[in-house]
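Chain by chain, the residues:
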Amino acid sequence: MDGTAAGAPLSQGVGYGIVLGLGFAFALGMILVTIILKRYNSELQTSEMFNTAGRTVKSGLVGSAVVSSWTWAATLLQSSGVCYRYGVSGPFWYASGATVQILLFATLAIELKRRAPNAHTFLEVIKARYGTIAHLVFMVFGLVTNILVSLMLVVGGSATVSALTGMHTIAAIYLLPVGVIAYTMVGGLKATILTDWIHTFILLIIIIVFSLTAYATSDVLGSPSAVYDRLVEAAAVHPVDGNAQGSYLTMRSTQGVIFFVINIVGNFGTVFLDNGYYNKAIAASPVHALPGYILGGLSWFAIPWLTATTMGLSALALENTPAFPTYPNRMSEDEISSGLVLPYAAVALLGRGGAIATLLLVFLAVTSATSSELIAVSSIFTYDLYRTYFKPEASGKRLIYTSHVIVCAYALFISTFSVGLWYAGISMGYLYLLMGCIISSAVIPATLTLVWSGQNKWAAALSPPLGLAFALIAWLVTASKECGTLDVACTGSNNPMLAGNVTALLSPIALIPLFTLLFGVDKYDWKSMMQIRRADDHDLADVAGVDLEQTAGGHVETSDEFHEEQSKLLRASKISKWTTVGLTLALLILWPFPMYGSSYVFSKPFFTGWVTVGIIWIFGSFGAVGLFPVFEGRRTLKHTVQSIFWDVTGRKRPKTIHAERLVVDGKRASSSDEVSKKDSAAVGDEEKLGKA
C-alpha cells in the first residue's frame, strides 16, 4: 500500500492546490463575511450564534444547507458505483432511499422547535425527558453516527483525490479537513450554512455540465440514444445477474432492491441521529423549518439520481474505449467500492477537465458535509457534556472556547482513524453499508421521544444497545453461514448487511412494547423540554460593547411572540405529517414498484424521457437551492452592499449597534441614550432584514 495512484490524470500540485488553496480561500472568505455581518448586520459571535446561527435562517438557506450536508462523497461516488453494478435502478434506489429520511425529518424538525425552542442539540431533549442514563446512551449513538459519517467523507474523498492526482492518500486524509477547521472555527454554524450554499451552487453547476456533456455534446456519446445503444451492447457482453433479461435498463434488479433496503435503513440512522440535521432545524426560523427541509429533500433527490444515471452509465458505455482509465479491463470490485466509477467516467468524458471537475466536486462534497459534522460534534461536547456535567454555569466565552477546542480535536481524531481504516483496507462502500447495523436501533426511540408521550425512560435507554447487539449477531451469523469466514469481503456483502441493517431498525418495534409492558406507559407532559435554557452570552456582549438584546439571535421572546410562534409551529406540524408521508409513498412505492413488478426493460424513447426528467429536475434544484436563497435574502444583500459602499466612500456611516451594557444596582441594563428612538427603529428593521 504505497498510497499513490499510478497514471493519475492530474499532477500532485493540482491536488495540493485545490485541497489547500480552496480550503484556505473559503476560510479567508468566511473571516471576511463574519466581519461584515458583525459590522453591518448586528451579528456578534456568541456561543448561541456559533452553535445555532441565531435561530433565524430562512427556508432557501435551510434547503441549501440540507442539500450540502446530505451530499457526501458517498452521494456522488457510491451512487455511481451502484449504477455501474445494477444499471438504471441503482441511482433511483439510492436517491429515493435517502430522500425520504429528509422529508420525514421535516416533521421531527417542527416537533423539536415546538417542544424545545431553546435546545442546542437533540440530546438536550433526551436529557430533559429521560434523565442521565438515556442521555448517555443516546450521546454514544449520536457521536458514533457523526464518526461514521465523518469517516465516510474523509476515506471516500481521500481515495478519489489520490486516484485523480497521485497525492498520497494519508496526505489527503490529513489535509482535506484543514480549511474546514479554519472557517468553521471563525464563523460557526452561520459560516457553515453560508459555505453550504456556495458549495451547493458550484456542485449543481458541475453536475449539469456532466449531464449535458454525456447526453448532448460529447463526441463519443452525445445523446440518450447513443448511451442506450452502448448499454444494450454492454448487457450482451456482461449481463447483470438478477436483472430482468440481464439488462442495465430495468428497475427489476434483485441485488438493486436489496441495496435499496440497506440504503433506507442506514440512512434513517444518519439523519435521525446526526445532530447536524437537528442543528439545521434549530437554526431555522420557525416559519422556515418545514419548507426548508421539504425544499432541500426534493432538491437533493436529483443529485444522486442524475449524477449516477449520467456517470455510472457513462462508465458502462465508455469502458471499452481507450479513453477509459482501466481499458481494456473492466473496473475491479475494489475500485468500484472505493468510489472510482465517477472519476473514471469523468476522465473518459472530458479528459483533464473532467478530472479537475471531479476533484472540485468531491472536495466541495467532503468539506461542506465535514463542516456540518464538526459543528454537530462540538455542540454535543459543549452543551451535552461540558455544560451539563462539568460546568453548568459556563460563560459564553468559555463555551465558545470549548467548541473551538473540540472542532480541532475531532478533526485530528477523524483523520487519524481514517488512516487506520485505510491500512486495514476498509473502504467508503463498506462503511456505507455497515452504518445502519451500528446506529439504526436508536432511530425509533429517538423519534418517539418527540412524538409520543408514552415512551418510558427504560424503553428509550435499553432499546438502542439491545438492538445493536441483535443487529451485530444477525450480521455476523449471516456472514458466517454464507461464506464460512468473517473477512472484509464476506461481511461487506449484501445479504449479511441486509440482515444486520433490518434487525437494527426493526428490533425496537418489539423491545419498546416489551419495556412499556414491564415498566408502564409514561405520561409525559412536555414541560421539562421547555425549561432547556440558552447560554448566557452577556460577557461577550459586554466585551464587544453591544446590547445583546439588539444583536441577531440575542432577542428574548415576549409571551405574545412565543404564543404566536407556537401557533405557527402547530399548524406546520399538521401540514408536515400529511405532506411528508404522501411524498414518501410516492418516491418509495408509487413510482418505482410498478416498473419493478412488471420487469419492464426501458425502450429507447422511455430512457430518453427518463434522462430528460432528471435534467429538468436538476435545473429545478438549482433554482430552488441555488438561486432562491439569493432572491429570499435580496433585501439583506442590498442593505449590506449599500452599507459597505457608504462606509468605504465615507458618504454615510452605516447604522450599527453600539449601545453599551451598564450595570445598575447589580442588574444589567442597556443604555438607550446613545441612540435615538428613530435610529433604534431603523436598526431594528435592519436587523430583521439581516436575519437570513
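Residues numbered from 1 in each chain as written. Predicted model: local features only at pLDDT ≥ 70, side-chain atom pairs only at ≥ 80, totals over all residues. Heavy atoms only, no water.

## Some thoughts on the state of the cysteines
Put plainly, two cysteines are in a disulfide when a covalent bond ties their sulfur atoms together.
Point 1. Overall, the coordinates contain one disulfide when judged by the stated rule.
Point 2. Disulfide partner of Cys483: Cys490, at an S-S distance of 2.2 Å. Measuring the twist about the S-S bond at about 95°, one finds the Cys483-Cys490 disulfide to be right-handed.
Point 3. A relative accessible area of 39% means that Cys483 is categorised as partly exposed. (Disulfide = S-S within 2.5 Å. Buried < 20%, exposed > 50% of the residue type's maximum accessible area, 1.4 Å probe, protein only.)

## Details of the packing of aromatic side chains
Point 1. In total, this model carries 45 aromatic pairs according to the counting rule given.
Point 2. Judged by centre distance (5.5 Å) and plane angle (50°), the ring pair of Trp93 and Phe593 falls under tilted. Highlighted residues: Trp93 in helix 5 (residues 89–115) and Phe593 in helix 25 (residues 593–598), separated in sequence by 500 residues.
Point 3. An angle of 85° between the planes, with centres 6.1 Å apart, marks the rings of Phe324 and Tyr344 as edge-to-face. Of this pair, Phe324 sits in the loop between helix 12 (289–318) and helix 13 (333–337) while Tyr344 is found in helix 14 (residues 341–350), placing the two residues 20 residues apart along the sequence. Taken as a pair, Phe324 and Tyr344 share a single burial class, namely buried.
Point 4. The aromatic ring of Trp526 is capped on one face by Arg115, whose charged end is 3.8 Å from the ring centroid.
Point 5. Above the ring of Tyr596, the side-chain terminus of Arg252 is found at 4.6 Å from the ring centroid. (Phe/Tyr/Trp six-rings, centres within 6.5 Å; stacked < 30°, edge-to-face > 60°. Helix = DSSP H or I, 4+ residues; strand = E, 2+ residues; numbered from the N terminus. Lys NZ or Arg CZ within 6 Å of the ring centre and 35° of its normal.)

## Concerning the pattern of salt bridges
Opposite charge on two side chains lets them pair, provided their charged atoms get close.
Point 1. Throughout the structure, instances matching the rule amount to seven salt bridges.
Point 2. Between Glu333 and Arg85 there is a salt bridge, and its shortest N-O distance comes to 2.3 Å. With Glu333 in helix 13 and Arg85 in helix 4 (residues 73–86), this residue pair connects regions lying 248 residues apart in the sequence.
Point 3. Among the charged side chains, a network of salt bridges with common partners joins Glu111, Arg114, Arg115 and Lys577. (Salt bridge = Lys/Arg side-chain N within 4 Å of Asp/Glu carboxyl O.)

## With respect to the packing of helix 5 against helix 18 (residues 443–451)
Point 1. One way to put it is that helix 5 packs onto helix 18 with a least axis distance of 9 Å and a crossing angle of 50°. With respect to each other, helix 5 and helix 18 are oriented oblique. Of the two elements, helix 5 crosses helix 18, and the hand of that crossing is left-handed. Contacts between helix 5 and helix 18 involve Leu108, Glu111, Leu112 and Arg115 on the former and, on the latter, Thr447, Leu450 and Val451. (Axes fitted to C-alpha atoms, helices over the stretch in contact; angles between N-to-C directions. Parallel < 35°, antiparallel > 145°, perpendicular 65-115°, else oblique. Left-handed = near helix turned anticlockwise from the far one by under 90°. Contact = heavy atoms within 4.5 Å.)

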